[in-house]
Structures are given as structure tokens and as C-alpha cells.
Amino acid sequence: MTIDLRSDTLTRPTDAMRKAMAEAEVGDDVYGEDPSVIALQERVAAMFGKEDALFTPTGSMANVLAVASLVQPGQEVLCEASAHIARAELGAHGALTGLTMRTWRAPRGQIDQVAVEAMFAPDMGPLFVRTAAVSVENTHNFAGGAVLPLDSLESLRTWATSVGVGVHLDGARIWNAHVATGVPLASYGACVDVVSVCLSKGLGAPVGSLVVGTADAIAEARVRRKRMGGGMRQVGILAAAGLHALDAHVDRLADDHANAKLLAEACGVDPASVETNIVVVPRDDAGEFVAGAREGGVLISPVGPRAVRLVTHLDVSREDAETAAKVLSRL
């Protein structure tokens, strides 16, 4: 048996999720008539205290649509240097929407508000690029699933409002932050103008994300989604998976977090530094370590030449985590 810790995107639908998908009530979503999609969008919007939401096939598309609702072509978004929108979306924001991007660097992907305020460029007409938005990521993927403290988000929101800058939250794993801290989703929503959330990572759906924001932002995003080829027809089959995930797979994320701490300890990483379901292990021999783990039946990912990443998820039981911990500890 192979234990796959490469990513939480590797989960497979449970039998109960497959049943929900098979029984989903559907319609044509391009016409806005799919009842399962409508139910999912309304539910997620309410969870974050926002007016509306839009279902998208991928998290990258959700992020592009969300940021574009705040940043016009030729304007800029500021983000942390290892943010997903900067490093893992293949330049989509610049290529597709014409924005530019500048970054700050902070330990564990945190908000460095001093740096953000120093980087901020107001509207100076034809002289300089204007800062239109700040993007933050919670939890932060490449920072090992680090959580952004609510007070940091609230402070950023206060400053951004004072200077007329929008705030985007890449909340692909916001569910993990919510479970780890107990912070209500609506409190996170109150700190930002627009948020993207993912259903196909920790929540275990096979596909799907949402953009969540004002009614005007979502109406604009719907047009952009169609322009980008993201108009979908009887997609309620997929939305039903998301609805089931919200019912059944949010609270259980605590199990993933506990398993991640177990794996961290086995790899010599302080479990207290692991806040959610991602463990980054410094290894000068990253390639050899990955190969050795594979020989032992455990799949992990290199993140550069000197570190590896382990991610717990729905398809990794406590028994699996204990078995993987023994393999990794021996290595």
C-alpha cells in the first residue's frame, strides 16, 4: 500500500459524496439555472458574510477573477513573495488581466504591514503604477500551512480602507485556518473585499472553487469567467460534491492537523510549528529523501533542493500517518 502525502488535492470522493453527486438536481449554469450551484453559491456567500459567490472550476481561475475585481489593467497588486498568486499560477494575472505585481518577503508568509505601507503607491496619474490591492494567503501554502492572525488581517483592512486599497484573500485553505483557530469564517470575510475558497483540497471534493464578494464584483466575475472559457452547463453534479463537503468534511480537518504534527515529530520538526495540515522538512538531501520515502511506500514532494513537503488529508488515516511516521523517522 502507498501512502500519498504529496498534496491534499489527491483526495478521492467518498461513497457518500459520490451518492450526493449522482442525485444532484441540475440545470444550465450559464443561464444561472442550476439549483445545486445556486445553493452552493448562496451558502458560501453567507458563511463569509458576503453578498454573492461564483462557482469556478479551479482555484487559479477563482484567484484571477477575484484579483481582477479589484485591480484594473496597468495597476498593481502587492503580495508576499511566496504567495500562490505570485509563484504557482504561471503568471496568469499579468498574462490574462494586465496587472502588475510587487512583493514583500516575510517569515512564514505573514503580513509585513510596515513593508506594505512603504510599498504603497497612490494614484499619481501618468507618472507611476498605482497600488490597487493587497493580496494575502490564509493558510499560506509555501509557508507550511501557516495561519495569518486575525489581528494582522484586521489591521491591514483598517489601513487599506484609509488609503482606498482593496484586499484580496486567497483562502484556498481558509477552512483549515478556521478549524485550527476557531475564528469564524465571517470574521475573515469582514477583513477583505473578495475571497477565493477551494473545495478540492482539504474538503475532499473532486473539483471546484468559489469567488466570494459583493454582488457587483461577482457579476463582473461571471462575465470574465465566461470569457476565460469557464462557463459550465449542468455543473450541479460538482456543486453537490461541494455541498456535501461543507456538511461532512470541515470539522474533520482537525484530524489532518493532528496527523501533520505526528509526521512533523517523526521528521525532527517541532510539532508546535505546524499549525494545520502541511509540514515542510528542511533536508539538504531532499531528492534522496523523497526517493527513500518512495521505496518505503510513502510519497512526498520536494520543494526545492533543500526541503520536502508532507500534506495530510482526507485519504490519510491515523493508521496511515503512524505508518508513514515510522518510514520517515527511519530515513
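Scoring rules and cut-offs
- Residues numbered from 1 in each chain as written.
- Predicted model: local features only at pLDDT ≥ 70, side-chain atom pairs only at ≥ 80, totals over all residues.
- Heavy atoms only, no water.
- Salt bridge = Lys/Arg side-chain N within 4 Å of Asp/Glu carboxyl O.
- Helix = DSSP H or I, 4+ residues; strand = E, 2+ residues; numbered from the N terminus.
- Buried < 20%, exposed > 50% of the residue type's maximum accessible area, 1.4 Å probe, protein only.
- Polar contact = N/O pair within 3.5 Å; in protein donor to acceptor, adjacent residues only side chain to side chain.
- Contact = heavy atoms within 4.5 Å.
- Axes fitted to C-alpha atoms, helices over the stretch in contact; angles between N-to-C directions.
- Parallel < 35°, antiparallel > 145°, perpendicular 65-115°, else oblique.
- Left-handed = near helix turned anticlockwise from the far one by under 90°.
- Nonpolar A, V, L, I, M, F, W, Y, C, P; charged D, E, K, R; others polar.
- Pairing = 2+ DSSP bridges.

A. Focus on the pattern of salt bridges. Tallied over the entire structure, the rule returns 14 salt bridges. Asp-315 serves as the salt-bridge partner of Arg-12, at 3.1 Å between the closest nitrogen and oxygen. Taken together, the residues Arg-12 in the loop between β1 (3-4) and α1 (15-22) and Asp-315 in the loop between β12 (307-311) and α14 (318-330) connect sequence positions 303 residues apart. Residue classification places Arg-12 among the exposed positions, given a relative accessible area of 56%. In this structure, Arg-224 engages Glu-220 in a salt bridge whose closest nitrogen and oxygen atoms are separated by 3.2 Å.

B. Examining helix α3 (residues 59-68) more closely. In terms of burial, α3 is a largely internal element, eight of the 10 residues being buried. Structurally, the start of α3 carries an N-cap: the backbone nitrogen of Met-61 is 3.0 Å from a side-chain oxygen of Thr-58.

C. Seen up close, the side chain of Thr-276. Mapping Thr-276 onto the fold places it in the loop between α12 (253-266) and β9 (278-282). Residue class for Thr-276 comes out buried when judged on its relative accessible area of 0%. Among the polar contacts listed, one links the side chain of Thr-276 to the backbone oxygen of Gly-145, at a separation of 2.7 Å. Those residues within four positions of Thr-276 in sequence are excluded, and the remaining contacts are Thr-139, Gly-145, Val-147, Asn-176, Ala-180, Asp-256, His-257 and Ala-260.

D. Quick peek at the packing of α3 against helix α10 (residues 215-227). Look at α3 against α10: their axes get within 9 Å of each other, and the N-to-C directions meet at 130°. By the criterion of interaxial angle, the relationship of α3 to α10 is oblique. Remark: the crossing between α3 and α10 carries right-handed chirality. Here Met-61, Leu-65 and Ala-68 of α3 come into contact with α10, specifically with Glu-220, Ala-221, Arg-224 and Arg-225. The residue makeup of the contact of α3 with α10, split by class, is four nonpolar, no polar and three charged.

E. Structural view of the sheet that holds β9. Pairing is antiparallel across the open sheet formed by three strands, whose spatial order is β9-β12-β11. Two strands lie at the open edges of the sheet, namely β9 and β11 (301-302), each paired on one side alone. Bridge analysis of β9 against β12 gives five bridges, and the strand direction is antiparallel. Paired with Pro-282 across the bridge in β12 is Ala-307. The sheet strands contacting helix α13 (residues 286-295) are β11 and β12, and the helix crosses β12 at an angle near 35°.

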